[in-house]
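# Observations on the three-dimensional arrangement
Each chain, written out:
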Amino acid sequence: MASSSTGTSTPAGTATAMVQLTDVQKHFGSHHVLKDVSLTIAAREVVVVVGPSGSGKSTLCRCINRLETITSGTIAVDGVDLPAEGRALAKLRAEVGMVFQSFNLFAHRTILDNVTLAPITVLGRSRKDARAEGLALLERVGIADKADHFPAQLSGGQQQRAAIARALAMKPKVMLFDEPTSALDPEMVSEVLDVMTSLAGDGMTMVVVTHEMGFARRAADRVIFMDDGRIVEEDTPADFFDHASSPRAQAFLSKILPH
Amino acid sequence: MNIFVDSAGPLLEALGTTVMMAVIAGVAAIVLGTVVTAARISPIPVLRGLAFAYVQFFVNVPLLVLLILAVFALPDAGLLLPLTPTAIIVLALYEAAYVAEAIRSGVNTVGTGQIEASRALGFTLVQSLRLVVVPQALRAAVQPIGNVMIALTMNTALAAAVGVVELTSEANKLNLVEAQPILIFTVAGLIYMALALVIGLGAGRIEKRVAIKR
Ligand SMILES: Nc1ncnc2c1ncn2[C@@H]1O[C@H](COP(=O)(O)OP(=O)(O)O)[C@@H](O)[C@H]1O
Ligand SMILES: [Mg+2]
């Protein structure tokens, strides 16, 4: 914990906390939405968050890059406490990639522009470099041929892959996924999950809110079960899905798992 | 038709004044209206309040009242400006409120999701306004802004009431000599219609050009 304010990462090989939440409380008005949430996510770790609707999963993600402010507690990313609003916060947000359920691509820009806009604007990359890297990323998520299309011309699965490429273009230390496949037609779910699985395989630190159990078993190191604003249970995917210990988790699983 | 040929010079000059007033006040109104909208959606309460008050004031006071006030009250306050610039400034201030309303309706078409995505990517508020919100809001606002520009062009006629020699006042002058009100004002009306048509067509073309591909 010493000299964590410098923000330099510790030597490779050490298991360092990439994301650390300590006693986080979050209220919306009088509504207590995150309760005593403490969570440590190691570098390169993939954490899947599950739980019933309204349990605070989205809020947890949004607090990690401070799209929402917390009432009390601390959240640190790569050893640096989340700064207040301002340039420092914008810089930190740039290090935390976020993928939304509804893609949220910039509708007036081409797919390639969507991917290069932030590197050019926020990181000050040259247009040429940003385009080369952007194209490589689009290649990686399998939509290089859509570079000059506009978002509305793509399928949902393609849009979500573009959104992943857009987040990756910032070379984030952590990627947050908030139900990335929930808005997709069933036949497009796997193309997005495949990209995410390959990302996990490459060692990206990931927090993924999803009910895709196949993905969790394949890619997750840990499953976190949230209920009513609390982390109720955490376990390896195999242990969680096969014998969750808390009754609430069991009740939840009986609803979402195929029988 | 002779009467128009004989006074073609002054009439054309007056038409030029009308067009000049519309163009300068129009451009200024669009710039100012954009600034007012930015203030209106900013996170700073004081700016939001000022912008709201601005729009409410100009939407709720008749233009003619503003023109008369500016022409008669400002010199009393020691502010001496020629008539035409005074009218242009009042027109610009007045129509900016309507431009602001048009752009704000455009802003509402930009989903909060995109704004949030830009914040998540590390954009500052100004960057996200400049690169994400404003370009899309302006696209959606092209047609409504076009309508404001048409209204502005029609409203230049009110400047005649405070002594600016533009198309309506020149037509009026001509009528005092020739006493052919129906003919003279029909022609003046047709000219205004032609101007409105040009603006409407222009807005339509711009809208097509900047439309987001779907
Ligand atoms: N902006 C907000 N204002 C007020 N309440 C909110 C807001 N966002 C979420 N909530 C409430 O917080 C709780 C947790 O929401 P959320 O994090 O979206 O849950 P989940 O993603 O697990 O479905 C819910 O009760 C929701 O109604
Ligand atoms: Mg949610």
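Throughout this description, residue numbers start from 1 for each chain and increase along the sequence as written. Chains carry letters from A onward and ligands carry numbers from 1 onward, assigned in written order. For this predicted model, a pLDDT threshold of at least 70 governs which residues receive local features, and a threshold of 80 or more governs which side-chain atom pairs are given and counted, while totals over whole chains, interfaces and linings are taken from all residues. The side-chain figures draw on all heavy atoms in the structure; neither hydrogens nor water molecules are used.

Under an unreviewed UniProt entry, the name given to chain B is Amino acid ABC transporter permease, and the source organism is Subtercola boreus. Under the UniProt heading Subcellular location (unreviewed entry), the note attached to chain B is "Cell membrane". In its Sequence similarities (unreviewed entry) section, the UniProt record describing chain B reads: "Belongs to the binding-protein-dependent transport system permease family. HisMQ subfamily." UniProt positions are given in the numbering used here, feature names are shortened, and annotations may be inferred rather than shown by experiment.

Another aspect to go through is the overall build of chain B. Helical segments are the DSSP runs of H or I of at least four residues, strand segments are the runs of E of at least two, and each set is numbered from the N terminus. Of the regular secondary structure elements, chain B holds 9 helices and 0 strands. Secondary structure elements of chain B occur, N-terminal to C-terminal, as α-α-α-α-α-α-α-α-α. Principal-axis analysis of the C-alpha atoms places the extent of chain B at approximately 70 × 45 × 25 Å. Accessibility here uses a 1.4 Å probe with only protein chains present; expressed as a share of the type maximum, an area under 20% marks a residue as buried, one over 50% as exposed, and anything in between as partly exposed. Split into buried and exposed, the 214 residues of chain B put 42% on the buried side.

Below, the discussion takes up the site of ligand 1. Residue and element names in this part refer to chain A. One heavy atom suffices: a residue is near a molecule or strand as soon as one of its heavy atoms comes within 4 Å of it. The full set of residues close to ligand 1 is Phe-28, His-31, Val-33, Pro-52, Ser-53, Gly-54, Ser-55, Gly-56, Lys-57, Ser-58 and Thr-59. Whenever two N or O atoms come within 3.5 Å, that pair is a polar contact, provided that in protein one can donate a hydrogen and the other can accept it, and provided that, for residues adjacent in sequence, both atoms are side-chain atoms. One of the side-chain N or O atoms of Ser-58 is found 2.7 Å from an oxygen atom in ligand 1. When isolated, ligand 1 has an accessible area of 560 Å², and the protein chains bury 60% of it. Only strand S2 (31-42) and helix H1 (57-64) provide two or more residues apiece to the shell around ligand 1. Under the scheme applied here, ten amino acids are nonpolar (Ala, Val, Leu, Ile, Met, Phe, Trp, Tyr, Cys and Pro), four are charged (Asp, Glu, Lys and Arg), and all others, including Gly, are polar. Among the residues making up the shell around ligand 1, the classes are represented as 3 nonpolar, 7 polar and 1 charged. Only the protein chains shown count as covering a residue, and every accessible area follows the Shrake-Rupley method with a 1.4 Å probe.

What follows is about empty space enclosed by the protein. Points on a 1 Å grid, built from protein atoms alone, make a cavity when a 1.4 Å probe fits but cannot get out and make a pocket when they are open with protein on both sides within 12 Å along at least 5 of 7 lines; residues with an atom within 4 Å of a point are the lining residues. Grid points are joined across faces, edges and corners, and a volume is the space filled by probe spheres set on the points. If you walk through the whole model with that rule in mind, you get 1 cavity of 30 Å³ or more. For the largest cavity, the calculated volume is near 60 Å³. Taken together, Met98(A), Val99(A), Phe100(A), Phe103(A), Ala163(A), Arg166(A), Ala167(A), Ala117(B), Ala120(B) and Leu121(B) make up the full set of residues lining the largest cavity. Residue assignment for the lining of the largest cavity shows that the elements contributing at least two residues are strand S6 (96-99) and helix H5 (156-168) of chain A together with helix H6 (112-120) of chain B. Among the elements that take part in the lining of the largest cavity, H5(A) stands out by supplying 3 residues, more than any other. Grouping the amino acids of the lining of the largest cavity by side-chain chemistry returns 9 nonpolar, no polar and 1 charged.

Residues and elements named next belong to chain A. An order of S2-S1-S4-S5 is seen for the 4 strands of this open sheet, with the pairing classed as antiparallel. Every interior strand has two partners, whereas the edge strands, S2 and strand S5 (80-81), have only one. Any two strands with at least two DSSP bridges between them are considered paired. In the sheet, strand S4 (residues 72-77) pairs with S5 via 2 bridges, with the strands oriented antiparallel. Looking at S5, one finds that Ala-76 is bridged to Asp-81. Along the sheet face, H1 touches strand S1 (17-28), S2 and S4 and points at about 120 degrees away from the line of S1. By definition in these notes, contact holds between two residues if any of their heavy atoms fall within 4.5 Å. Here an axis means a line fitted to C-alpha atoms, over the contact stretch when the element is a helix, while the angle between two N-to-C directions is reported on a 0 to 180 degree scale.

Turning next to helix H5 (residues 83-107) of chain B. For H5(B), with 25 residues, the first-to-last C-alpha span of 36 Å sits near the 36 Å given by 1.5 Å per residue. Bend, at a single residue, is the angle you get between axes fitted to the 7 residues ending at that residue and the 7 residues starting at it. For H5(B), the principal kink sits at Ala96(B) and spans about 25 degrees. The span you would expect from a helix comes to 1.5 Å times its residue count less one.

Between chain A and chain B, the contact holds 27 residues from the first and 20 residues from the second. Here the quantity called buried area is the accessible surface, traced with a 1.4 Å probe, that two parts lose on coming together, added over both. For the pairing of chain A and chain B, the buried interface totals around 2,100 Å² over both sides, and the portion due to carbon and sulfur atoms is 63%. A carboxyl oxygen of Asp or Glu within 4 Å of a side-chain nitrogen of Lys or Arg is what we treat as a salt bridge. The tally of links from chain A across to chain B stands at 1 salt bridge. Glu116(B) is paired through a salt bridge with Arg62(A); the nearest N and O atoms lie 2.8 Å apart. Linking chain A with chain B are 5 residue pairs in polar contact (both at pLDDT 80 or more). Contributions of two or more residues to the side of chain A that touches chain B are made by helix H2 (87-95), S6, helix H3 (111-121) and H5 of chain A. When residues in the side of chain A that touches chain B are grouped by element, the largest group, 4 residues, is from H2(A). Looking at side-chain class alone, the side of chain A that touches chain B contains 16 nonpolar, 5 polar and 6 charged residues.

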